[in-house]
Amino acid sequence: MAEHILLRHRDIPDIHELDVYLSNGGFDALKLVVQKKTPQDVIDIVRESGLRGRGGAGFPAGVKWGFLPQGVFPRYVVANADESEPGTFKDREIMERNPFQFLEGVAICSYAAQAKLAYIYCRGEFWDLAHELESHIAELRKEKLLGRKLFGKDFSLDIRVHLGAGAYICGEETALLESMEGKLGQPRLRPPFPAAEGLYGQPTVVNNVETLTNVPPIINRGANWYNSIGTKESTGPKVFSLSGNVERPGNYELPLGTTFRKLIFEHGGGIPNGRSIKAILPAGASAPILPATKKVLDTGMDYESLRKIGSDLGSGSVIVVDDSVNIAWLAQKITSFFKHESCGKCTPCREGTYWMSRIFENLENGKATSEDIDLLDSVAQSIVGKCLCALGDFAAAQVVSDIARFRSDFDARAKDGK
Amino acid sequence: MSQALVSLTIDGVEVTVPVGTKIVDAAKQAGIEIPVFCYHPKLESVGMCRQCLVEIGRPKIDRSTRKIVRDKNGDPVIEFGPKLETSCTTPVGEGWVVLVNSERAIEGRRQVIELILTSHPLDCPICDKGGECPLQNMTMAHGPGKSRFLYEDKMHLAKHVPLGDLIFLDRERCIQCARCIRFQTEIVDDPVIAFSERGRKLEIVTLSEPGFASYFSGNTTDICPVGALTTADFRFGARPWELNATASICPHCAVGCNTMLNTRREARSQGRVVIKRVMPRQNEAVNEIWLCDKGRFAHHFASSEERLARPVIKLKRRGRLTATTWENAVKFVVEGLQAAHGAVLGIAGGRASNEDLYALHRLMDGLGGRAVLHDQMAGGEFVQQAGVGPGTNLADLGSGDCILVVASDLHEEAPIWWLRVKQAAERGAKLIVANARPTRLDAHATHILRYDYGVAAHMILGMLHEINHQKELDQYASAETKKVAKVVSKANNVVVFYGSEGLDYAASHDLAQNCATLLAASGHVGRANNGLVAVWTHSNTQGAWDMGVHPEPGGLAAALKGQKAAYVVAADPAGDEPLLTSLLEQVDFLIVQGLFLTETALAADVVLPAQSFVERDGTYTNGMRRVQRFFPAIAPNEGMRADWEILSAVAAAMGIDSARPSAAAVMQDIAAKNRDYSEVNYPALSRNASQWPHVGGKDIYFGGTAHPNHQGLGVQLTPRVERQKDISFDWAAPRKIAHKPRYLMVPITKLYDRGTTVVQSQVLGPRLEILRLYVNPEDAERLGMIDEGEVEVQWDGRKQRLRSVIDEHVPSGAVLVPRSLGVPLATAVDVKIRPIAL
């Protein structure tokens, strides 16, 4: 893509400085909506743009904002900056290098939601970034881009940064809200959804950093421009975090629907050390593994196409696996991660991830037979569809797909293995 | 109140339930069991354990027309979701089809229980919960029988973690259902335990100092669906199937919680039958399925080694007590009473049963004497007239209703009432809390009224002024009384709880009278959920009033004047007030009936060993005038007799009355003589009705180990105002408070005092209150007192040295001292305070 819409610093290196951002049209979109548009206008534009949540679920952002119940105040906006999916590092680059576009997106969303206070929930490890964001917010206050009665209108807004304590589960929006309220980070039962009862029981919009960063250009250039990018149902640009066995790992901003082949071989430079590609984890740990067949490599990276081939786009963190890797080893790493991050609230995830880990350890230590692989599969299947939130399902679906698609890698580690 | 209803089918059974009912409850009502762990009918649903998974089919809705799609027969097309759903979190929907016992649902639940068992130890043979364990029952019913999980892969965790002095946690057994945490947070507002860590490391920790500081902690062991939480009292004490269960009533306060005494004959108690634990027995109108920790853990006094076992007499004054036979003892008593020629006073305590009090009253009547209650609080007659009516249940109070609590610290005096009043406030009832100092209930109050100690009755008159506009009441009115009076007069239902903190007999009489007048004037008497409740200090004080045994307005000292004989039943006046000892000794003949060799018993001519409430039957009348029956759980030592039985034998020997054969027969006498009790008899007291939620039985996983009530819900008496239309209420002009004393020492009630029944608890010891004098910071500064310093307090010619604590909650001009900790103080007195130099 010639022009970067989200990773704009790649075109304008100093855009993290407020005067540079302002001289490049920064905060025009906020000024426009506050002065000329109603909150409902903004929601309509975002809905028409087709913008979908970039945190993983892909839920249409405009629809989500439209769920706020009438007449219930105060309302809150929370930017989910708990970027913790393995292999995902896009939000961090946006916040470090193009922070004002993100903050402007937060402000526009707050205007649409009629919230006077927005929070940025940063994962615990982002403490240095959190401090940077705080100083950016201070600059905005100084320039009267945040504060009371913005642009001479009756809209006031402040943004605050909240640091988590280092838990993967707090990227789940309701666990995030619990954590923000000072409680143990465990997901809430849904419904009610945050739009109805979110932070402190009030209507709350929770959106991912990248989602919000899309908003200023949508306002500036219009919904039609935006949905001309990408596919019919998955519109706009997406930052793909490419990692694993690939020549040039990194973030790549490409239209949704770009094929794996293009991302991995054209932009990423292919597989190093003369190895060949074996599999792809299209969404970090949280979506079923895909064998790197020709069909898969030629599949477009958008929500619909990936579901069709039995996986998910998630947050767009593509981990490339070459033929030196045993998938059982990979599955063990991932299971161990989920076991470590399971919040413990619901039984299948708490007990199931622990059980699966123990079977993997036995497999690793040469103590397991192929019957134990069947058991592992059965345990994983018994978790799927029974958990309180998505974490347990992700953990189990990963193992189920790993075994279904790469059974021979597991058998190779069994003591009676062929 | 009519509620919208929803009809659905559960496993083919048509069920119609109110809107909002959870599927799990709807199924339960239809007799279909859905196993649960984290769900409890008294708690908010969280859907954590995933044990209650079912298949839910919903009528298919056409997206464009928003109408139900019908098949060719006109029946709605039912669509089942891709996933099993938690029936504990899903409210019912019209026309839904729920499958509990489909192959898919059964398989789903089997998988969940298999997962739960992977982390659970196989120590049922040594687990206290074994035999009454939801997880054990569920495993037997639905479990796989053999685990696919390798035993050596089990995670091993600490097994004896004291969360406090009373409750222990076994981390291996915990299945992280959070019932205990949610009970402490949602139900009792003591969020002192919580989860720490995450995943398989998730564990219950206590956040308070001392650990698990809550008066309700024992309830968590009932609702714990495994043996993770056990009590210091019962753990490793017995197996549930060895226990006999006897229905009883808690003797510790005026709430009258229904209990079950679990007993066992055992070698370690020298072959005696002993109480192993006290469990709640469901009575949704009294204690629901809860008990406070005093009720649960202060039972050991009944099995004390110190109990009197044989009658003893003293042949010469100040001589030695000599054991004798009952025959001799009764003869001795008869002679002593005859010699008094009618100058005889009966003195009873509020722990005596109705039958005992009636028998005492009758004996004294026959002798030409009278019986008085050893108590300082008045107003029982107003409770008889304007008490809450039959059908009253605090659980029915909520939005649109009002509760007034005056001169009482309910959290310390009657914890279960505190809990239920707080819950009514949470349901939207207006709660007015009036006291001279802040109490725990203030946190839930919609209106807080402060007054100076002594003028509670005056403040009620201020409220009354707003209702009857009498000129004479002008002087008592204030902006605040005006505001709360409006709340009272507008409310649909009003219940008033009055206590006696800082009030003597006369002042509490005025308070009760004015509260009754306020209720009557605002139209809140004579029907269910309206009326006056006395926060008595003992379990059967109301019963004493009903049996005609009242406190003497001038106190016991006045009542004892000119008496030649005194007969003390279930009271220790000399122990409570040492100054009474010499007065009691001056009586020619002193008879004491009781459990222990008390100070009063030491002064007696004859001491008769009485049976405790666990060894006999009888009835108590609680503060809401519910008459409830307790049953004998333990065979008494043959040397002990029931109080009524002794009194009846004496009356018979003196030709006053024929001996009564049983407590039930005494109750028949009461019913014949006392109009209020005309409907009361033992069969009526034993009647019960079906209650929600269902507890006990095979499916204890649903409600925990609280016992179902098969032994009777008791009878709530009809207040006289409902029967006698000519009863009118008028206010009493309270005494003028002449001067504000420099320092008023006020006795306050603490739940864990050092009274005879509490101090013998084998587990509450570390939690008992310590004697301290609580002083306001400004007063302390004026007096030159320091925190934890020593002071000398003087009153009525006495002196006592006390350790002081500076506490900002103490009103200025008052100093507080907890009762029954060593300062003999029945009611507030003026004191002089002098700090002792270090």
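Everything numeric here is computed off the predicted structure, so don't read it as measured data. (Residues numbered from 1 in each chain as written. Chains lettered and ligands numbered in written order. Predicted model: local features only at pLDDT ≥ 70, side-chain atom pairs only at ≥ 80, totals over all residues. Heavy atoms only, no water.)

Overview of the overall build of chain B
Keep this limit in mind: Strands here mean DSSP runs of E at least two residues long; helices mean DSSP runs of H or I at least four residues long; both are numbered from the N terminus. Only protein chains enter the accessibility calculation, which uses a 1.4 Å probe; a residue whose area is less than 20% of its type maximum is buried, one above 50% is exposed, and one in between is partly exposed. The contact criterion used throughout is that any non-hydrogen atoms of two residues lie within 4.5 Å.
What chain B contains, in helices and strands, is 26 helices and 37 strands. Principal-axis analysis of the C-alpha atoms places the extent of chain B at approximately 95 × 70 × 65 Å. Looking at chain B residue by residue over its 838 residues, the buried ones come to 63%. Looking at chain B alone, contacts between residues at least 24 apart form 72% of all its contacts between residues at least 6 apart.

Some details on the domain arrangement of chain B
All names here are of chain B. Note the following rule: For each domain, the first and last residues come from an automatic or database assignment. Take the accessible area each of two parts loses on contact, using a 1.4 Å probe, and add the two losses: that sum is the buried area. We count a salt bridge whenever a side-chain nitrogen from Lys or Arg sits within 4 Å of a carboxyl oxygen from Asp or Glu. Polar contacts, as counted here, are pairs of nitrogen or oxygen atoms within 3.5 Å of one another; within protein the pair requires one atom able to donate a hydrogen and one able to accept it, and residues that are adjacent in sequence qualify only if both atoms are side-chain atoms. The nonpolar class holds Ala, Val, Leu, Ile, Met, Phe, Trp, Tyr, Cys and Pro. Asp, Glu, Lys and Arg form the charged class, and all remaining residues, Gly among them, are polar.
The domain boundaries assigned to chain B delineate domain 1 (5-101), domain 2 (151-302), domain 3 (312-375 + 555-691), domain 4 (380-535) and domain 5 (743-835). For domain 2 versus domain 5, the separation of C-alpha centres amounts to 31 Å. Facing the 19 residues of domain 2 at the interface are 13 residues of domain 5. Summing both sides of the interface, domain 2 and domain 5 together bury roughly 1,400 Å²; the carbon and sulfur share of this comes to 63%. For the pair domain 2 and domain 5, the number of links is one salt bridge. Among the ionic pairs, Asp165 bridges to Arg767, the shortest N-O distance being 2.9 Å. Where domain 2 touches domain 5, the interface holds six residue pairs in polar contact (both at pLDDT 80 or more). Grouping the constituent residues of the side of domain 2 that touches domain 5 by class yields 10 nonpolar, five polar and four charged.

Details of the environment of Arg440(B)
All names here are of chain B. When you line up the elements, Arg440 lands in the loop between β20 (430-435) and β21 (447-450). Contact partners of Arg440, with chain neighbours within four places excluded, come to Val188, Asp189, Asp190, Asp409, His411 and Trp418. Within the local environment of Arg440, its side chain forms a polar contact with the side chain of Asp190, the two groups lying 2.9 Å apart.

Overview of the domain arrangement of chain A
A common measure of how large an interface is: the accessible area buried when the components associate. Residues and elements named next belong to chain A. Splitting chain A by domain gives domain 1 (8-227), domain 2 (237-322) and domain 3 (327-411). A straight line from the C-alpha centre of domain 2 to that of domain 3 covers 23 Å. Contacts between the two partners involve 14 residues from domain 2 and, on the opposite side, 11 residues from domain 3. Summed over both sides, the interface of domain 2 with domain 3 buries roughly 1,000 Å², with 67% coming from carbon and sulfur. When the area that domain 2 buries against domain 3 is broken down by residue, the three leading residues are Lys278, Ala285 and Ile289, summing to 49%. Connecting domain 2 to domain 3 are one salt bridge.

Observations regarding the packing of aromatic side chains
Heads up, the rule is: Each Phe, Tyr or Trp ring, with Trp reduced to its six-membered ring, pairs with another whose centre is within 6.5 Å; inter-plane angles below 30 degrees give stacked pairs, above 60 give edge-to-face pairs, and intermediate values give tilted ones.
A full pass over the atoms with the stated rule returns 23 aromatic pairs over all chains. Ring plane angle 40° and centroid distance 6.2 Å describe the contact between Phe360(A) and Phe410(A), whose orientation is recorded as tilted. In this pair, Phe360(A) is assigned in helix α16 (residues 347-364) and Phe410(A) in helix α18 (residues 390-411), connecting sequence segments 50 residues apart. Side by side, Phe360(A) and Phe410(A) carry an identical accessibility label, which is buried. Arranged with centres 5.0 Å apart and planes meeting at 70°, the rings of Tyr215(B) and Tyr752(B) form a pair that is edge-to-face. Here Tyr215(B) is found in the loop between β10 (203-206) and α5 (219-223), whereas its partner Tyr752(B) is found in the loop between β31 (744-748) and α25 (756-759), with 537 residues between them in sequence.

Regarding the environment of Val46(B)
Here Val46(B) is to be found in the loop between α1 (23-29) and β3 (53-59). When the C-alpha positions of Val46(B) and Gln270(B) are compared, they lie 47 Å apart, and in sequence the two are 224 residues distant. Other than its neighbours up to four places away in sequence, Val46(B) contacts Leu189(A), Leu388(A), Cys38(B), Thr89(B) and Arg182(B).

Things to note about the pairing of β21(B)
Residue and element names in this part refer to chain B. Put simply, the test is: Strands are labelled as partners when DSSP assigns at least two bridges between them.
Because side chains alternate across β21, one face comprises the buried residues His447 and Leu449, and the other comprises Ile448 and Arg450, none of which is buried. Bridge count between β20 and β21: four bridges; the pairing is parallel. Opposite Ile432, over in β21, you have His447 as the bridge partner.

What to know about helix α3 (residues 134-142) of chain B
All names here are of chain B. How we decide: Note that the arc is computed from the directions linking the helix axis to the C-beta atoms.
Looking at α3, one finds that the buried residues are Pro134, Leu135 and Met138. Each buried residue of α3 lies within a common arc of 95° when the element is viewed along its axis, so the set occupies one face. Against the buried residues of α3 lie α2 (103-118) and α23 (700-703).

Quick notes on the pattern of salt bridges
Opposite charge on two side chains makes pairing possible when the charged atoms of those side chains draw close. Residues and elements named next belong to chain A. Inspection of the entire model under this criterion finds 73 salt bridges over all chains. With its nearest N and O atoms 3.1 Å apart, the salt bridge here joins Glu173 to Arg190. Taken together, the residues span a long stretch of sequence, with Glu173 in helix α8 (residues 173-180) and Arg190 in the loop between α8 and β4 (204-208) at a distance of 17 residues. Taking relative accessible area as the criterion, Glu173 reaches 14% and is therefore assigned buried. Of the charged contacts, one joins Asp298 and Arg261 as a salt bridge, the two residues approaching to 2.8 Å between their closest N and O atoms. On the criterion of sequence distance, the pair formed by Asp298 in the loop between α13 (294-297) and α14 (303-308) and Arg261 in helix α12 (residues 260-267) is long-range, its members being 37 residues apart.

A closer look at a positive patch on the surface
Residue and element names in this part refer to chain B. Let me state the cut-off plainly: Grouping into patches uses exposed residues only, defined as over 30% relative accessible area, and leaves out salt-bridged ones; the cut-off is 9 Å for like charges and 5 Å for nonpolar side chains (Val, Leu, Ile, Met, Phe, Trp, Tyr). Only the protein chains shown count as cover for residues, and all accessible areas are computed by the Shrake-Rupley method using a 1.4 Å probe. Two residue types count as positive, namely Lys and Arg, and two as negative, namely Asp and Glu; His and chain ends fall outside the count. To locate a charge, take NZ of a lysine, CZ of an arginine, CG of an aspartate or CD of a glutamate.
Where like charges cluster on the molecular surface, the positive patch consists of Lys430, Lys482, Lys486 and Lys490. The biggest single contributor to the positive patch is helix α13 (residues 479-490), with three residues. Examined against the element boundaries, Lys482 turns out to sit in helix α13. When its relative accessible area of 41% is taken as the criterion, Lys482 is described as partly exposed.

So, the pairing of β31(B)
Residues and elements named next belong to chain B. A large share of β31 lies buried, amounting to five of its five residues. Of the pairings in the sheet, the one linking β31 to strand β35 (residues 814-818) comprises five bridges and is parallel in character. Note on β35: the bridge partner recorded for Pro747 is Val817.

Let's talk about the interface of chain A and chain B
Every contact between the two is made by 29 residues of chain A and, on the other side, 33 residues of chain B. Summing both sides of the interface, chain A and chain B together bury roughly 2,700 Å²; the carbon and sulfur share of this comes to 56%. Its largest share of buried area at the contact with chain B, chain A owes to Tyr354(A), Trp355(A) and Lys386(A), together 24% of the area lost on that side. Summed over the shared surface of chain A and chain B, the number is four salt bridges. One salt bridge connects Asp393(A) with Lys83(B), and the closest N-O pair in it is separated by 3.4 Å. Counting the contacts that link chain A with chain B gives 21 residue pairs in polar contact (both at pLDDT 80 or more). Among the elements of the structure, α15 (327-341), α16 and α17 (370-383) of chain A are those that each provide at least two residues to the side of chain A that touches chain B. Residue contributions to the side of chain A that touches chain B peak at nine residues, all from α16(A). Of the residues belonging to the side of chain A that touches chain B, the class tally is 11 nonpolar, 11 polar and seven charged.

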